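The primary structure of each chain is shown beneath.
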Amino acid sequence: MVIKSATALRNDYDSVVTLAKSKQEPVFVTRNGEGEMVFLPIELWEKREAELNLLDKLLKREQSRIAGAKTFSTEEMAELAEAELREG
């Protein structure tokens with residue numbers, strides 16, 4: 001975990017950017033010794049957003065399954081796919 005002060009970010013922004021990119025991890029920014037924000041490379045933020053979106057979709061599908069939504073076995077899905085390919 002990388003921790004930098006807000007002063008370090010303000011005074012040496014480029015080195016904090018380089019550090020975050022090279023380590024590919026967030027930099028925790030503090031003010032007066034207290035955590036204030038997280039600074040991270042845009043690529044890492046996009047990756048985390050994609051992971052969170054995927055987890056959200058999985059959770060919704062699992063909740064739907066638990067609530068009684070119809071589910072399909074692998075064999076049933078294969079049969080449905082083959083039928084669609086034959087028709088299409």
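All values reported here derive from a predicted model rather than from experimental measurement. (Residues numbered from 1 in each chain as written. Predicted model: local features only at pLDDT ≥ 70, side-chain atom pairs only at ≥ 80, totals over all residues. Heavy atoms only, no water.)

### Details of helix 3 (residues 42–66)
Cut-off, in case you're wondering: Segments assigned H or I by DSSP are reported as helices when at least four residues long, segments assigned E as strands when at least two residues long, and all are numbered from the N terminus. A helix is expected to reach a length of 1.5 Å times the quantity of its residues less one.
If you check helix 3, its first and last C-alpha atoms are 36 Å apart, about what 25 residues at 1.5 Å a residue would give, namely 36 Å. Among the residues trailing helix 3, Gly-68 stands out with phi positive, at a value near 110°.

### Regarding the packing of aromatic side chains
By convention here, two paired aromatic rings are described through the distance between centres and the angle between planes. This is how the line gets drawn: Only rings of Phe, Tyr and Trp enter the pairing, Trp through its six-membered ring, and a pair is recorded when the two centres are within 6.5 Å. The plane angle decides the type: under 30 degrees is stacked, over 60 is edge-to-face, the rest tilted. For every residue, the accessible area obtained with a 1.4 Å probe (protein chains only) is divided by the maximum for its type, and the residue is called buried under 20%, exposed over 50%, and partly exposed between those limits. Working rule: Lys NZ or Arg CZ, within 6 Å of ring centre, within 35 degrees of ring normal, means a charge sits over the ring.
The tally for this structure, following the rule as stated, stands at 1 aromatic pair. When the ring of Tyr-13 is compared with that of Phe-39, the centres are 5.7 Å apart and the planes differ by 80°; the resulting orientation is edge-to-face. Placement of the pair is Tyr-13 in helix 2 (residues 13–23) and Phe-39 in strand 3 (residues 34–39), with a sequence separation of 26 residues. According to the relative accessible area criterion, Tyr-13 is partly exposed, its value standing at 45%. A cation over an aromatic ring shows up here: Lys-70 above the ring of Phe-72, its NZ or CZ 4.8 Å from the ring centre.

### Let's talk about the sheet that holds strand 1 (residues 2–5)
The following threshold applies: Pairing between strands is defined by DSSP: at least two bridges between them are needed. Each axis is a line fitted through C-alpha atoms, and for a helix only the stretch in contact is used; angles between axes span 0 to 180 degrees, taken between their N-to-C directions. Throughout, a residue-residue contact means that at least one pair of heavy atoms, one from each residue, lies within 4.5 Å.
Reading across the sheet, the 3 strands line up as 1-2-3 and stay open at both edges, with mixed pairing between neighbours. What marks the edges here is a single partner per strand, and that holds for strand 1 and strand 3. Within the sheet, the average angular offset between the axes of one strand and its neighbour, ignoring direction, is 35°. Lying over the sheet, helix 2 contacts strand 1, strand 2 (27–31) and strand 3, oriented at roughly 70° with respect to strand 3.

### Thoughts on the side chain of Thr-30
By the element assignment, Thr-30 lies in strand 2. Judged by its relative accessible area of 18%, Thr-30 is buried. Dropping the residues within four chain positions of it, Thr-30 is found in contact with Ile-3, Lys-4, Ser-5, Ala-6, Gly-35 and Glu-36.

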